[in-house]
Amino acid sequence: MAVDDDFDIPDTGAVFTFGKSRFADNAPSKFWIKNDIIVEIACGDEHTAVLTESGRVFTIGRNELGQLGLGTTKPVTKPSCVKSLKPEKVMHVGCGRSHSIAACLSGAVYLWGHNGDGQLGTGDHKDHLLPVQVLKLEAPAAGVAAGSAHSVVLTEEGELYAWGSNSEGQLGLEVDEQLTPRLVKMPEPVVSVACGYYHNVAVSGSGLVYTWGESNHGKLGLSDGHLTLHRRPQEVMLPEQVVQVAAGNTHTLFLTESGAIYSCGLGSNGELGQGEEELECWLPKPVVETNTYPIVSIAAGANHSAAITADGLLLSWGCGRHGKLCQGEENFASEFMPVTVRRLRHIRVVLVGCGGCHTMVLGCRRPKDTEDREEPREESQPLKPSSIVSARDRRRLANGTLPPIKSAGVPFKQTVSPTVPDIEVMTSAASESESPDIANADDIDSIGEPNCNGEHPPSDIMSGSESEGASVTQGSAENTENSQSPEKKTRRVAHFFKSLARKKSSQRSLGSGEQADNVGENGATDSTDGSLEGNSSLRSSNSGGVKNVREAFNSRRIVAAMPDSDDLGNEKQSKTCIIL
C-alpha cells in the first residue's frame with residue numbers, strides 16, 4: 001500500500017489496516033464506509049468492530065466463536081454490517097479477546113461471541129452468534145470495555161457494571177464468577193474505563209486513576225502496600241491528573257492532562273516505551289518522548305502500544321510481529337521507544353485501535369499545503385505529480401528513473417569538439433587586471449582533470465611537456481609578474497600551448513633527467529618572448545595539476561584553432577578526454 005494509492009480517500013477518512021487484520025490478506029491496506037463516518041474502532045485478539053455516525057456496526061476478522069455477530073462462524077475478510085443491530089442506534093462498541101459488546105441510544109446493551117466464562121452476561125456459558133441484550137439502562141451508557149473473559153459498562157452517572165470471570169479479581173467483586181451484570185463499588189464516580197486481559201483501569205472525574213485485577217509484572221502500578229488489595233479498586237499515584245487510560249495484556253498506559261504518557265507493567269517487547277533497559281516497571285514512569293507535540297490519545301494491544309499526537313501523527317512501539325506497528329510490510333522488529341509511523345505522515349490520524357495481532361487506524365488526508373510542509377519527500381520515494389516543480393523533474397518522471405546527478409560539463413561518449421574553457425576567461429581577466437591569476441596551478445589542474453573513463457589521472461603520468469609548462473611559469477615569475485601588458489598576457493597563453501607542442505616529440509625519447517635540463521633551457525628562452533607567467537605557488541605543483549594538460553588535449557590542434565575561435569567546431573573530438 002503506497003502513499004500514491006491514497007488519492008481516492010473520501011473526506012470522511014479511511015481505516016488503515018496493519019498486522020493480522022484478516023483484511024486484504026493481512027497486507028497493509030485501507031477501507032471506508034460509503035456515505036458514513038466512522039466514529040469508533042475496537043479491536044479484539046484477531047477481530048475488529050467499527051461504529052459509524054449513523055449507529056451501524058461493522059465487523060471483520062476471525063469468527064470461529066461468533067465474535068463478529070453475523071450469525072455464522074466463518075471468518076470475514078471485508079467489513080460486514082451487524083444487521084440484527086440495525087433497529088438500534090449503537091453509541092459505543094468494544095471488543096474482548098473473542099467476544100464483543102455494544103451500547104445503544106435506547107440504553108440497551110448487547111453482547112455476542114464466546115461465553116465460556118460468562119462474559120456475555122446471559123446467565124449461562126453458551127456462545128452466541130448474534131447480539132443478545134443483557135442490560136437495559138435508563139440512559140445511554142457512557143462507555144463499554146471488554147477483557148479476555150469479562151465485560152464492563154460505564155453509565156452516565158459514573159457507575160460501573162461488570163460480569164464474567166473473576167479469577168484474578170478483575171471484576172472488583174467478592175465472587176469467583178459473575179454470570180450477569182453487577183454494580184461495582186467505586187471510591188468515586190468514573191468517567192473513563194479500560195480493560196486489559198485480566199485487569200481494569202478507571203479514571204475518576206477528579207483525574208485520579210484506579211486499577212484492580214491481576215497484579216503480575218506491576219501492570220496495576222500499585223505500591224507494595226496496596227498489592228495485597230489488588231482485587232479491589234486502588235488508587236495509582238501519578239504526578240498529575242489523568243484524562244485517558246489504556247490496558248493491554250501485561251501493561252498499562254496513562255495519558256495525563258499535559259499530554260505526557262506514563263506506563264507500567266511488563267516491557268519485554270518494548271510495550272512500555274521506556275527503552276530497552278526497562279523490561280519491567282512496577283510504578284508508572286514516563287514514556288520516552290520522541291516528538292515535539294503533546295499526545296491526545298493512546299491505545300494498547302496485547303503487547304504493543306500506539307498514540308496520536310496533537311498534530312495528527314501516529315506513534316507506535318512494542319512487539320512488531322505481523323507488522324502491527326504500522327512500520328512497513330517487511331518491518332516486524334520490536335520498538336522499545338515510540339516511533340513515528342512514516343507511512344501515515346500525510347494522513348491526519350483521528351482514531352487508533354490495537355488488538356492482539358493487528359492495529360486499525362482512522363485518518364483523513366492532510367490539506368495539500370500542510371502535507372508539503374510536514375511531509376518532505378524522501379530521495380528514495382518516487383516523484384509524485386503533485387511534487388513536480390520543474391521541467392527537470394518532469395523529464396526524470398517521464399524517463400521512469402531517478403539517475404544520480406552527474407558532473408556538469410563532462411558528457412562522456414558524446415561527440416564534441418575539444419575546447420579550452422579557461423582561455424577566454426583568462427584572456428578577459430588579463431585585460432581587466434594587472435596581476436591576473438591565470439597561471440594558478442589550481443586553474444590548470446581543472447582543465448584536464450578527468451580522463452576518458454571519467455576517472456582522475458594519477459599524478460605519476462607526468463610527461464616532459466607538462467613539466468616544461470610548469471617550469472616556464474617558474475622561470476620569470478619574479479621579474480615580469482608586475483610589468484606585463486594585456487597584449488603580452490594574451491600571447492603567453494598561445495606560447496604556453498606552443499611549448500607543449502614543441503616538446504611533445506622530444507618528451508618520449510628523453511629520460512627524466514634530460515627532460516628536466518631541456519625544460520629549464522626552453523623555459524628561459526620562452527619567457528623572454530612573453531610566454532605564460534605564473535606565481536610562486538606553481539613551483540611546488542609542477543608534478544601535480546599541470547601534468548594533466550597534455551593528456552586532456554591534442555596540443556597541435558588546439559594551437560591551430562586558437563587564432564580563430566569559430567574554427568573550433570571543425571576540429572575532431574580529442575581521444576584522450578572530452579571536456580566542455
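Each value, and the rule that gives it
- Residues numbered from 1 in each chain as written.
- Predicted model: local features only at pLDDT ≥ 70, side-chain atom pairs only at ≥ 80, totals over all residues.
- Heavy atoms only, no water.
- Helix = DSSP H or I, 4+ residues; strand = E, 2+ residues; numbered from the N terminus.
- Contact = heavy atoms within 4.5 Å.
- Polar contact = N/O pair within 3.5 Å; in protein donor to acceptor, adjacent residues only side chain to side chain.
- Patch = residues over 30% accessible without salt bridge, like charges linked within 9 Å, V, L, I, M, F, W, Y side chains within 5 Å.
- Areas by Shrake-Rupley, 256 points an atom, 1.4 Å probe, with all protein chains shown as cover.
- Salt bridge = Lys/Arg side-chain N within 4 Å of Asp/Glu carboxyl O.
- Lys, Arg positive; Asp, Glu negative; His and termini not counted.
- Charge placed at Lys NZ, Arg CZ, Asp CG, Glu CD.
- Buried < 20%, exposed > 50% of the residue type's maximum accessible area, 1.4 Å probe, protein only.
- Pairing = 2+ DSSP bridges.
- Axes fitted to C-alpha atoms, helices over the stretch in contact; angles between N-to-C directions.

A. Just the environment of Thr-77, in detail. When you line up the elements, Thr-77 lands in strand β6 (residues 76-81). Placed 56 residues apart in sequence, Thr-77 and Ser-21 show a C-alpha to C-alpha distance of 8.4 Å. Not counting the four nearest positions on each side in its chain, Thr-77 is found in contact with Arg-22, Phe-23, Ala-24 and Ile-60.

B. View of the side chain of Thr-211. Inspection of the secondary structure assignment puts Thr-211 in strand β17 (residues 209-213). There is a polar contact of 2.8 Å between the side chain of Thr-211 and the backbone oxygen of Leu-220. In contact with Thr-211, not counting residues within four places along its chain, are Asn-200, Val-201, Leu-220, Leu-222, Arg-232, Pro-233, Gln-234 and Val-236.

C. Summary view of a negative patch on the surface. There is a patch of like negative charges on the surface, built from Glu-138, Glu-156, Glu-157 and Glu-159. Mapped onto the elements, Glu-156 comes out in the loop between β12 (150-154) and β13 (160-165). We classify Glu-156 as exposed; its relative accessible area is 53%.

D. Just the side chain of Thr-155, in detail. With respect to the secondary-structure elements, Thr-155 resides in the loop between β12 and β13. Residue Thr-155 is classed as buried on the basis of its relative accessible area, which comes to 4%. Those residues in contact with Thr-155 that sit more than four places away from it in its chain are Leu-137, Ala-142 and Tyr-161.

E. Broad picture of the sheet that holds strand β27 (residues 347-354). On the basis of which strands lie adjacent, the open sheet formed by four strands has the order β2-β1-β28-β27 and antiparallel pairing. Each end of this open sheet is capped by a strand with a single partner; those strands are β2 (29-31) and β27. Across this sheet, the average inter-strand angle for adjacent strands is 30 degrees, counted without regard to direction. Bridge analysis of β27 against strand β28 (residues 358-365) gives seven bridges, and the strand direction is antiparallel. Looking at the pairing, Cys-354 lines up with Thr-359 of β28.

F. Spotlight on the environment of Leu-208. Along the chain, Leu-208 falls in the loop between β16 (199-204) and β17. When its relative accessible area of 31% is taken as the criterion, Leu-208 is described as partly exposed. Spatially, the C-alpha atoms of Leu-208 and Glu-235 are 7.0 Å apart, while their sequence positions differ by 27 residues.

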